[in-house]
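Below are the chains, spelled out letter by letter.
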Amino acid sequence: MDDDLDHALAGVGPRLRALRRQRETTLADLSAATGISVSTLSRLESGTRRPALEQLLPLARAHGVTLDDLVGAPPTGDPRVHLRPVSRHGMTMLPLTRRAGGIQAYKLVIPAGSHRREPDPQTHEGYEWLYVLNGQLRLVLGERDLELSPGEAAEFDTRVPHWFGAADSEPVEFLSLFGRQGERAHLRARPRAQHPPERPDEP
């Protein structure tokens, strides 16, 4: 088992370098997208550093591939898609696509009681589309603080500082589509915690 693991991890470096060159991405660009330092990325690609799970997850997302593709896991012959949920930033993320490149789809679940988290907006290359399934989703996008209800959607350039979390004490489920290309930002959401002004009584 250890030999198989070592063999799989040994192949990660060449795959990382090939993916980055295929997408014509620099180490600096990849560092900005993943939060991993340029020196660490260089050591991972050269194989002088063994990758950890917390590094593989953002790298897989940045390159638009699954973890299985990144570590070269052999196909099982089972046509069903086996979702492997991962926890990140207090959320549960389930990848819904396995194809390399193009739009990547995820289902994200924010647990109940997490609405007290302080927003921590991040930026990276790409475009993202959100669609709320259940609960109230809070989206901080640049200077805007928005609340999305079930059936509402938003799309935006991820180079704009953004953060999402629960708007209240209830859990939230939403779909996320992430791609390298897309339309300009277009929001379909209402401002958070704002109410229409009272109208004076009409005669």
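What you see as residue numbers is a count from 1 along each chain, following the sequence as written. The predicted nature of this model means local features are confined to residues of pLDDT at least 70 and side-chain atom pairs, given and counted, to a pLDDT of 80 or more, with totals for whole chains, interfaces and linings taken over all residues. With hydrogens and water stripped out, all remaining heavy atoms of the structure feed into the side-chain values.

Some points on the overall build of the protein chain
Helical segments are the DSSP runs of H or I of at least four residues, strand segments are the runs of E of at least two, and each set is numbered from the N terminus. Of regular secondary structure, the protein chain possesses six helices and eleven strands. The cut-offs for exposure are 20% and 50% of the maximum accessible area for each residue type, with area from a 1.4 Å probe on protein chains only; residues under the lower value are buried, those over the upper are exposed, and the others partly exposed. A total of 203 residues make up the protein chain; the buried ones form 38% of that total. By the convention used here, residues are in contact when the closest approach between their heavy atoms is within 4.5 Å. For the protein chain, the share of sequence-separated contacts (at least 6 apart) that also reach a separation of at least 24 residues comes to 67%. Of the roughly 12400 Å² that the protein chain leaves accessible, carbon and sulfur atoms contribute 51%. Surface accessibility in these figures is a Shrake-Rupley result with a 1.4 Å probe; residues are shielded only by whichever protein chains are displayed.

Looking at the pattern of salt bridges
For this document, the term salt bridge refers to a Lys or Arg side-chain nitrogen within 4 Å of an Asp or Glu carboxyl oxygen. Counting across every chain of the model gives six salt bridges. For aspartate 157, the salt bridge identified is with arginine 159, shortest N-O distance 2.6 Å. Judged by its relative accessible area of 11%, aspartate 157 falls in the buried class. Taking relative accessible area as the criterion, arginine 159 reaches 48% and is therefore assigned partly exposed. Among the charged side chains, a salt-bridge network with shared partners connects Arg17, Arg20 and Glu45.

Focus on helix H5 (residues 53-63)
The buried fraction of H5 is high, at eight of eleven residues. Residues Gln55, Leu56, Leu57, Pro58, Leu59, Ala60, Arg61 and His63 constitute the buried set of H5. Looking one or two residues past H5, glycine 64 carries a phi angle of roughly 70 degrees, positive in sign.

Quick look at the environment of leucine 175
The residue leucine 175 is located in strand E9 (residues 172-179) in this model. A residue is classified by how much of its surface remains accessible, and leucine 175, at 28% relative accessible area, is partly exposed. Sequence separation between leucine 175 and tryptophan 129 is 46 residues, and the spatial gap between their C-alpha atoms is 8.0 Å. Beyond its immediate stretch of four places on either side in the chain, leucine 175 contacts Leu96, Tyr106, Lys107, Trp129, Leu130, Tyr131 and Leu133.

Looking at helix H3 (residues 27-34)
Buried residues of H3: Leu27, Leu30, Ser31 and Thr34, and no others. Here the buried residues of H3 occupy an arc of 105 degrees about the axis, which is enough to place them on one side. Summarising the contacts, the buried residues of H3 are in contact with helix H2 (12-22), helix H4 (38-46) and H5. Just past H3, the residue glycine 35 takes up positive phi, approximately 80 degrees. By definition, the arc is the one covered by directions from the helix axis to the C-beta atoms.

Regarding the environment of proline 150
Relative to the elements of secondary structure, proline 150 occurs in the loop between strand E6 (144-148) and strand E7 (153-157). Residues proline 150 and glutamate 173, spaced 23 residues apart in sequence, show a C-alpha to C-alpha distance of 8.9 Å. Among all residues touching proline 150, those that are not within four sequence positions of it are Val132, Leu133, Asn134, Gly135 and Gln136.

Considerations on the packing of aromatic side chains
Two rings from Phe, Tyr or Trp (for Trp, the six-membered ring) form a pair when their centres sit within 6.5 Å of each other. Planes less than 30 degrees apart are called stacked, planes more than 60 degrees apart edge-to-face, and all others tilted. Evaluation of the coordinates by the stated rule reveals one aromatic pair. Judged by centre distance (5.2 Å) and plane angle (75 degrees), the ring pair of phenylalanine 164 and phenylalanine 174 falls under edge-to-face. Note that phenylalanine 164 is positioned in strand E8 (residues 162-166) and phenylalanine 174 in strand E9, a separation of ten residues in sequence. Of the residues examined, phenylalanine 164 reaches a relative accessible area of 11% and is grouped as buried.

Thoughts on the nonpolar core
Definition of nonpolar core: a set of buried residues of the types Ala, Val, Leu, Ile, Met, Phe, Trp, Tyr and Cys, connected through side-chain atoms within 4.5 Å. Ranked by internal contacts, the top residues of the largest apolar core, which has 20 residues, are Leu137, Leu139, Phe164 and Phe174. Aside from chain neighbours lying at most four places away, what touches phenylalanine 174 is Tyr106, Lys107, Leu108, Ile110, Leu130, Tyr131, Val132, Leu133, Leu137 and Phe164. In this structure, Ile36, Leu56, Ala60 and Leu70 belong to the second largest nonpolar core, which totals 13 residues.

Here we look at the side chain of aspartate 157
Take aspartate 157: it is sitting in strand E7. What qualifies as a polar contact is a pair of N or O atoms within 3.5 Å, subject to a donor-acceptor requirement within protein and to the restriction that residues adjacent in sequence count only when both atoms come from side chains. A distance of 2.6 Å separates the side chain of aspartate 157 from the side chain of arginine 159, its partner in a polar contact.

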